[in-house]
Amino acid sequence: MAAGSGPGRELPAEEAALEVSWVQGFSNKSFGFINNQTVCYPCGNYILFLDIETKKTTALQCQTGPVGAFAANASSEVVAFSNQKLNPIIYIHHFPELNKLTELKGSAQLDYTLLAFSFTGPYLASYSSIPEFILSVWNWQENILLCSESQPGITATSLSFNPMNWQQLCFVGESSVTIWHIERIEDEHHLKRNPVELPDEQGSISPHEDLFFPVSRSDDPYHGPDLPVSAIAGLVGDEAETFVPRNSVKTSVHPTAHCWTATSEIYMSCKEGYILAIDADKHRVSILQPKPPPEYMQKISDVVSYVRREVQKKKGGELNDRQNPIFSMAFCNEGLYAAGRDGILLFYHIKDLQYEMKVCADISQSISSLIFSPDYASLLLVTDQGPVYSYKPAHSGEAVKLLDTCSSCFLAADFLTPGNKYCVSVTISGEVQVWLLEDGTCLSKLNLDIEATAMACCPSSNSVAVGTKRGQIYFLDVTKAEAPRVVHRIFLSNFPVLSLHYDQSGQFLIARTTEGHVFILDARPSKLFQVLGYIVLADEVLDLSVVSDLKNDLVEVMVLLNVAEVQRARLEIFCLSSAITTDNDKCVNDQGMFNASAFKKKQYELDYPLSSAVKLKDNTVYGFCTCAPFICKYHLSEENMLEDPPVFSSEKRIPSNQFGSGFLCVSPNSQWLAAAAKDGVLFIYNISTMDILARKHCHSYQGGGIRSMIFSLDGNFILVNDENDGALVCLKWKKIKKTEVEEAAFYWQSLLDILNKSTSNENAVLKSMAEWQFDPGSTSKSLPEEKFKEAPLKSSSVDVTEEDGNITNTNDMTWIGQKIQKVIREETQRFSNQKQELQMGIKKLRQTIQQMMHENEQVPDIEKLEHQEFNLDMEEQERLQAEAEQEVARARKEIEMENLSNCYLQDFIKYECWDALCVKGRAVKCFHMDCEVKNYPLEERSKEELETLEKVLRLKDTETADLKVQKEDLETETVLPEEEGKKEAKAVADDGESFCLIGSLSSQYGGDTSILYHQCDLHTKEQRVNQIVLLKDIIYKVKTAFNKEFDIVAQQKEQEIARVKERNLRIREILEQLDLQVEVWEPALTDDEMPERALTVQDSEIKAEKYLTQEEKERAEMLAKLEMEKRLAATDDDRLRALDDMMGGVLEVRKEDILKMNIPPPPFISKPEDLWSDEEKKIFGEYEKKVKELNEEKEEYKKTLENEWKKLEASIHETTQNFDETVCKLSERKVKSEMVIYQEELKIVSLTCALLLDEELDTREAGLHNCLIKKKKEKVKKAKTVLTAKSKVDAYTGTYKDAVDEEKTLERHFRKQFADTPDDALEELYRLYTHRPKSPRTEMLLDTPNPYGNCSGSEDYEDALNLLMKAMDELDSPEHMPEGLEQSIWKNFCLARRKKMESEELVKRKALTLAEIQAFFQRRMDENEKMKSQIENIFNELTWLQEKKMKLQQNLTVQFVLKQGQVELENTEIPDYSDAILIKKSVVEELNCSISTQGEKKIAAIIEFKDFSRGIRRLEWEHKKMRMQIEDLKEKARDIVILPISKDCQLFLTVQNYGSHIAQHIAGMEETLRFMDKLHEKNVKNHRKKIRELKKSIRLKEEANYELSLQLKEMLVSVSERRHIFEAADTRDISEKIAKQRYQEILKQKNLRDLIKEQKEEFASLQSELEILRTRTPPHI
């Protein structure tokens, strides 16, 4: 054995020293029968073959990686699978030899997703995934790729051949179904795709609509032709052909399972609950409906449905009338079996498009697939959870569990003491299995119903420890391998248990949890698995290794830590002695944690980061490096390295040849070192030399790599399991040195000698332990799921109440929690007195504080203390204040950010809607009317727009100048007469003045229409684009012109408001002088008239009180105080006060103050008049005179003021009224401007529509050209295929004719060959010569349970001929030889007959082949004709598009401005102008001028001719008049002679009063008419009476018919019952027997007719030969 190998060296020749002993596991992705007794399924890197009778498993390993796609064929007993790697290969193996038949190498780059065998023939279909998506068909026997086809982007879910026709293949995608036809022409094969249109989710089936080539096409004369959606979307190329609008996309059903029927139909189930029937030949889909049940069953079904709906409503779920979706199907002779997620096996009896359903079995597990055995005797039900059930359709019993497996992945496996007989495994779901180590037989299993995380077997007893995600450890008794049981459970902590490790002596159990605690337990059942204590580690634990020193009774534990700060590994080593079990209380503290003095710790720093490490007894450590593919070897010193440990460097680095993170494991005898990583390869090293002893690729990287592995105690077996592939592999040594085996056996035996005594004792204790049961009062009760999810987030806590100090007990208590609870209980009991004293003091302090707070409420506000002053806990107060400040800061920051975003939004809106406008939008309103006029907000035209406009104007000027020069040249060549020139100038002037052809009135409102193109000249795309630019410029100018007028009016309103305000000042003065309280009307500008007001916020608009800081408040108070002082200083002026008192505050009297003047009365006015003196009376008279004069002046002044007031108001009203009229005119101007703008915008819309239509036509034309190119390429390919097929048809036709001629030649030479035989014997031989045996295949098809017949046969010509020759052996036996025939002649006859039969079979085979080739040729011809028709249609549409484009370029949309009432129609119908042509007025006028000139000439000639011929016509007329008078006179004379006189004439001539006579006659006729009316009414009554009688008889007949219909229903029921009785009776076999006999008779008659025909032909040929011989032979004399 060579030394260790590196990456660049070759591995030794003896590396394959390991072999697979057995493999266990299950994967529910594929399952299949290989024969009637064996099923197979993939599991990881293996394919397992299970004998359903003996339950024995055989494994086939895929040497190149995990098994990908998988398929099995029971008829050929072969299995096909692909490997998951780059450029995967499909392997074909034969069972039971498991030898490889062939390898199929395709073009797949990543993976195969599906494989499927054909039921007949050596054919295999494969489908690859990303990136090829290729469907391939193989001949696996000859290793030939027959054909392949790509389907980009389609993900397949299932694939199957038609059992009755291997040339049909059903391909099912996630939401699509495709039927592939494999067309064959000799040795060439072609795949033809036939998609199936599935119904939508509502179950409606709508026909496919081709959006690229629509069926109907409309042509609107105004909007243009109706183009496909792809052309409107602007798509060109392949996207145009496949584009579907979003509103046209319908979600189809999602297929889940399918199966073929014997009639080549497909039954398919969907997620939506539908069952579909697909015709594979016509590719049509039908939805199967349940057959309506009888009336009483329908009532029961309605009641059940109602109850189910009510229950569903109460649960709050959605109502669904559809049945549960089906996910698996299987077809048989009786009908269809189906199952779904509910675990119910259903049977469907389908007839036409209706089915009856019944429940066959219920396994209460989700069924993933249904598989019939090849003999159709049993039906396998494969579940998602793993168990496989068997159902016997013939017995109709319950489903029997066939295979009890678990689909969950294996977590770990270990050997049960002594390690050479049993092993134990556990899955992630918590299922524990016990296996027989010899052959992998599952002896028993136990489901813990909890997620497991770790497992280990105890060396000192037959106990198994299982760690869970909830932090529990279950201990199992496996002393009886067939019946394991749970005997104990410990709840360590709330964190998952990561790993479990036993020392070799079985004394300690070391458990590691995610929280960083390492628990030490007594592993012996006699100690009831006591928890000794735990160790807390600071860093994350990556791995843990245990080394036992059996001599010194020590256990060394090494922990690998992950140091986050540095890229290095750290080791901590501590020793466990038996002292911690004997004197545990001294080693741990009250909380269960080990003391530092309990054991000695050592710490080491390593130079590389490691993912795993193991330690040997000689202080040698091996570590699996994470940063590089190396295994590092270290030698640790014996010194204590806890204080400032140095970094140890590796002594040796061994290349590991592995990638990904891995781990190491040491054999029990420390001879071998195993390395496993994510690549799934297991390496075994010799520890002494680090040479590679063995390498085994037992798992794969795709499956997550190796999760765990372990050596057996004797070193003969290795258990390995993967992360995700679900396989447990048991390896054993195949090649190994004898000395190594002996050393391992010696160590195992010595270890057993040490453990035997303790093992027997501990097993006895383990057996005596009672089975663990769930105890609600137990403290080790498992956590509920909700509490478990929250447990890692919460630390263990104990609730203590204030009043009584009792501890709250919890049922869900971990071991650590129990320790803490115990400590708290002891402390509570120890300090109970002090606690009571503290509680009483706290109560007194609380009462004192409450009294102080009550007193504080009674004192005045100035003396009150705040509540926070009574808070004794200042730290808590500060903390709360800090939290409040933080919350305020957070809220302030949020508000600031929100204000900032609002400010940004305000600035953005202001910029877009205000700042960017060169003309801001505003309005002008009337003073007295509800009329408002708004201007046009305008944005500043960009530089690009102005440059484009300038460019278009220059181009238009150039075109105008060029056109003018062309007209001048044309006028010099063709000079018109003077009159015609004047008329044309006038017409042109009229045309320029008219706005009709311009299409708008924009020239009257500021727009320059002279720069526009004429509407009749817009034929090119450039002209239309330029016209749009010019029209936009005109709209801008119209708006600008209106805005100028608007600005004038707005300015005028501001002036009017200023004038009104001036006049209102005078009015207020007058009202003040008149002492009147009248409201003065004062106009003002609104917000619409001054929109800039919205950008500034006034203080009056803010309703909330403004927040002022303390500084702002002080500043405001100071300013108010200064203002008050100023006012007081202003009022405290003696001079002003004296002036105001004496003269009213003025120095002279004004006219306006006359109303305030009063004449003071004389002082004696208070005395009585009798006491007045003369002088006083005189003074009083003067006083009265002055008062009178003053009153008159006041009245006169009041009238003056009132007149002035009225004049001012009238002036205000007049000026505002005039302004309102101006605004009304401006409003009319705005309406006209809007009309003009709309006219121009209508032009722009029409031009834009024309441009879009032109672009759509170009897009459609480009799409058609692209499609035409593709069709032409396909046409060339199809033409080549047609020529090839035609040449093959011609060539094979000649071969077929040669074979037919050869077969006829053999038949003609039969009589010549046996000419010496007597006639009667020859006739008998000829009868036997034409006799053919029955086909053995037909006999085999009778009474077979397989609905598809015997599909195991092959359709090869050689096989069919061999079967026929075997059938001929019986006919060639001497028993059938005629009597008197020699043996030699019989042998020659048998050889000739065999030769004839071989020739016939060859002719039949060639005929079938020729028919197949001709059918292929005809299909290609039909496809070629169809392609020709498609190309022709594309050419026709291209021609139509070009015509439409030319027509649309000439058929312009012209806009006219017409006056109202200019065109008057006699009727309301609008004439049809579809064939009208629009031309210029000048053309018509030129034509009219020429017509008028020629008309004048013609009139002059006509007048001359008229004057010349007038005399002739007068004479002729007089002559003709006289002749007519003569004829009239003669006619009158003749009438008088032959005039007959009737009775009426005589009566008219004789009766004097002819009118009265006529009146009497009319009265008689009216009387007769009245009599006839009465008679008619009488007849009508009689007829109505008869009608009533008829209706009564009809009603009686209907009642009788109803009774007859009821009798008919009963008769139909009886007939149906008799039909069912007839069908149930055993008459089918008799009719079939009669049919077979009749068929044999028909065949016999046909053979006899063919024989007679052949004999006639032969007789005729012999007679002709005889005649020839007679002519050649001379006559005998």
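Reading guide: rules and limits
- Residues numbered from 1 in each chain as written.
- Predicted model: local features only at pLDDT ≥ 70, side-chain atom pairs only at ≥ 80, totals over all residues.
- Heavy atoms only, no water.
- Helix = DSSP H or I, 4+ residues; strand = E, 2+ residues; numbered from the N terminus.
- Expected span 1.5 Å × (residues − 1).
- Bend = angle between axes of the 7 residues up to and from the residue.
- Buried < 20%, exposed > 50% of the residue type's maximum accessible area, 1.4 Å probe, protein only.
- Contact = heavy atoms within 4.5 Å.
- Pairing = 2+ DSSP bridges.
- Axes fitted to C-alpha atoms, helices over the stretch in contact; angles between N-to-C directions.
- Phe/Tyr/Trp six-rings, centres within 6.5 Å; stacked < 30°, edge-to-face > 60°.
- Patch = residues over 30% accessible without salt bridge, like charges linked within 9 Å, V, L, I, M, F, W, Y side chains within 5 Å.
- Areas by Shrake-Rupley, 256 points an atom, 1.4 Å probe, with all protein chains shown as cover.
- Salt bridge = Lys/Arg side-chain N within 4 Å of Asp/Glu carboxyl O.
- Lys, Arg positive; Asp, Glu negative; His and termini not counted.
- Charge placed at Lys NZ, Arg CZ, Asp CG, Glu CD.
- Disulfide = S-S within 2.5 Å.

J.: Help me out: how do you make sense of helix 6 (residues 738-768) in this one?
T.: Because an α-helix packs 3.6 residues into every turn, residues spaced three or four apart end up facing the same way. An ideal rise of 1.5 Å per residue puts 45 Å on 31 residues; helix 6 measures up with 42 Å between its terminal C-alpha atoms. At L755, helix 6 shows its strongest bend, of approximately 45 degrees. Those residues of helix 6 that fall on the buried side of the exposure criterion are E740, A744, Y747, W748, L751, L752, L755, T759, E762, N763 and L766. Tucked inside the fold, the buried residues of helix 6 contact strand 38 (463-468), strand 39 (472-477), strand 40 (485-491), strand 55 (672-677), strand 56 (681-686) and strand 57 (692-697).

J.: Honestly, the sheet that holds strand 44 (residues 531-536) in this entry has me stumped. Any pointers?
T.: The strands making up a sheet associate through backbone hydrogen bonding, with each pair oriented either parallel or antiparallel. As summarised here, the arrangement of the four strands in space is 41-42-43-44, forming an open sheet in which the pairing is antiparallel. Every interior strand has two partners, whereas the edge strands, strand 41 (497-502) and strand 44, have only one. Across the sheet, the mean angle from the axis of one strand to that of its neighbour is 20 degrees, orientation sign disregarded. Strand direction decides the pairing type here: strand 43 (residues 517-522) and strand 44, joined by five bridges, are antiparallel. Counted as the bridge partner of F519 is Y534 from strand 44. Sitting on the sheet, helix 8 (residues 815-830) is in contact with strand 43 and strand 44, with an inclination near 95 degrees to strand 44.

J.: Would you mind going over helix 21 (residues 1481-1538) with me for this structure?
T.: For helix 21, which comprises 58 residues, the first-to-last C-alpha distance of 69 Å sits more than 12% below the rise-based estimate of 86 Å (1.5 Å per residue). The principal kink in helix 21, of about 40 degrees, is found at S1509.

J.: Got a minute to help me understand the packing of aromatic side chains in this structure?
T.: Aromatic rings in a pair are described by how distant their centres are and how their planes are angled relative to each other. All chains considered together, the criterion is met by 28 aromatic pairs. Judged by centre distance (6.0 Å) and plane angle (85 degrees), the ring pair of F927 and W1081 falls under edge-to-face. Here the residue F927 occupies a position in the loop between strand 62 (923-925) and strand 63 (932-934), and W1081 occupies one in the loop between helix 13 (1021-1074) and helix 14 (1110-1131), the gap between them amounting to 154 residues. With a relative accessible area of 38%, W1081 lands in the partly exposed category. Connected via pairs of aromatic rings, a cluster forms that spans Y337, F347, F372, Y376 and Y391.

J.: I would appreciate a short explanation of a negative patch on the surface in the present structure.
T.: On the surface, a cluster of negative charge is made up of E912, E939, E944, E945 and E947. Here the negative patch takes three residues from helix 11 (residues 943-973), the largest share from any one element. Within the element layout of this structure, E944 appears in helix 11. Overall, the relative accessible area of 53% leaves E944 in the exposed class.

J.: What's the story with the pattern of salt bridges in this structure? I'm lost.
T.: Think of it this way: side chains of opposite charge can pair up when their charged atoms draw near. Summed over the entire model, instances satisfying the criterion amount to 45 salt bridges. E894 is the salt-bridge partner of R890, the closest N and O atoms lying 2.4 Å from each other. Of this pair, R890 and E894 both sit in helix 10 (residues 874-915), separated by four residues, roughly a single helical turn. Look at E894 and you get partly exposed, because its relative accessible area is 43%. K1445 is paired through a salt bridge with D1258; the nearest N and O atoms lie 2.6 Å apart. Taken together, the residues K1445 in helix 20 (residues 1383-1450) and D1258 in helix 16 (residues 1174-1313) connect sequence positions 187 residues apart. In the salt-bridge network here, residues are joined through shared partners; they are E183, K192, K1278, R1419, R1420 and E1423.

J.: How should I be thinking about the sheet that holds strand 56 in this particular structure?
T.: Spatially, 54-55-56-57 is the arrangement adopted by the four strands of the open sheet, whose pairing is antiparallel. The strands lining the two open edges of the sheet, one partner per strand, are strand 54 (662-666) and strand 57. With direction set aside, neighbouring strand axes in the sheet form an average angle of 15 degrees. Pairing of strand 54 with strand 55 involves five bridges; the strand directions are antiparallel. Looking across to strand 55, one finds that G662 is bridged to A677.

J.: Teacher, can you tell me more about the side chain of S378 here?
T.: Its location among the elements puts S378 in the loop between strand 29 (367-372) and strand 30 (379-383). Overall, S378 belongs to the buried group, its relative accessible area being 5%. In this view, S378 contacts I371, F372, S373, S390, Y391, K392 and P393; residues no more than four positions away in its chain are not counted.

J.: What exactly am I supposed to notice about unusual backbone geometry here?
T.: Generally, phi is negative for residues other than glycine and the peptide bonds are trans, each holding for most cases. The omega torsion across I130 and P131 is 5 degrees, close enough to zero to call that bond cis. Turning to its location among the elements, P131 is positioned in the loop between strand 11 (123-128) and strand 12 (134-139). One non-glycine residue, E77, adopts positive backbone phi at about 55 degrees. Relative to the assigned elements, E77 resides in the loop between strand 6 (67-73) and strand 7 (78-83). On the basis of relative accessibility, which here comes to 26%, the residue E77 falls in the partly exposed class. In this structure, N619 is a non-glycine residue whose phi angle is positive, near 60 degrees. Along the chain, the position of N619 falls in the loop between strand 49 (610-615) and strand 50 (620-625). Taking the relative accessible area as the measure of exposure, N619 reaches 11% and is therefore buried.

J.: Would you mind showing me how to read the state of the cysteines here?
T.: By the definition in use, this model includes zero disulfides. Unpaired in terms of disulfides, C259 finds its nearest cysteine sulfur in C332, a separation of 9.5 Å. Residue class for C259 comes out buried when judged on its relative accessible area of 9%.

J.: Sorry if this is basic, but what is going on with the environment of I736 here?
T.: Along the chain, I736 turns up in the loop between strand 60 (727-733) and helix 6. I736 sits in the partly exposed class, given a relative accessible area of 26%. I736 sits 718 residues away from L18 along the chain, and the two C-alpha atoms are 8.7 Å apart. The residues contacting I736, other than those within four sequence positions of it, are W672 and V741.

J.: Could you clarify how one ought to interpret a positive patch on the surface in this entry?
T.: A contiguous patch of positive charge, built from K1581, R1584, K1585 and R1588, is present on the exposed surface. Structurally, R1584 can be placed in helix 23 (residues 1554-1624).

J.: Teacher, can you tell me more about the pairing of strand 42 (residues 508-513) here?
T.: The side chains of a regular strand alternate between both faces of the sheet. When you tally the buried positions in strand 42, you get six out of six residues, the bulk of the element. Where strand 41 meets strand 42, five bridges bridge the pair, whose relative direction is antiparallel. In the sheet register, L500 faces strand 42, and the bridge partner there is A511. Joining the antiparallel neighbours strand 41 and strand 42 is a turn of five residues, in which G506 adopts a positive phi near 75 degrees. The hairpin formed by strand 42 and strand 43 contains three residues between the paired strands, and G516 there has a positive phi angle of roughly 95 degrees.

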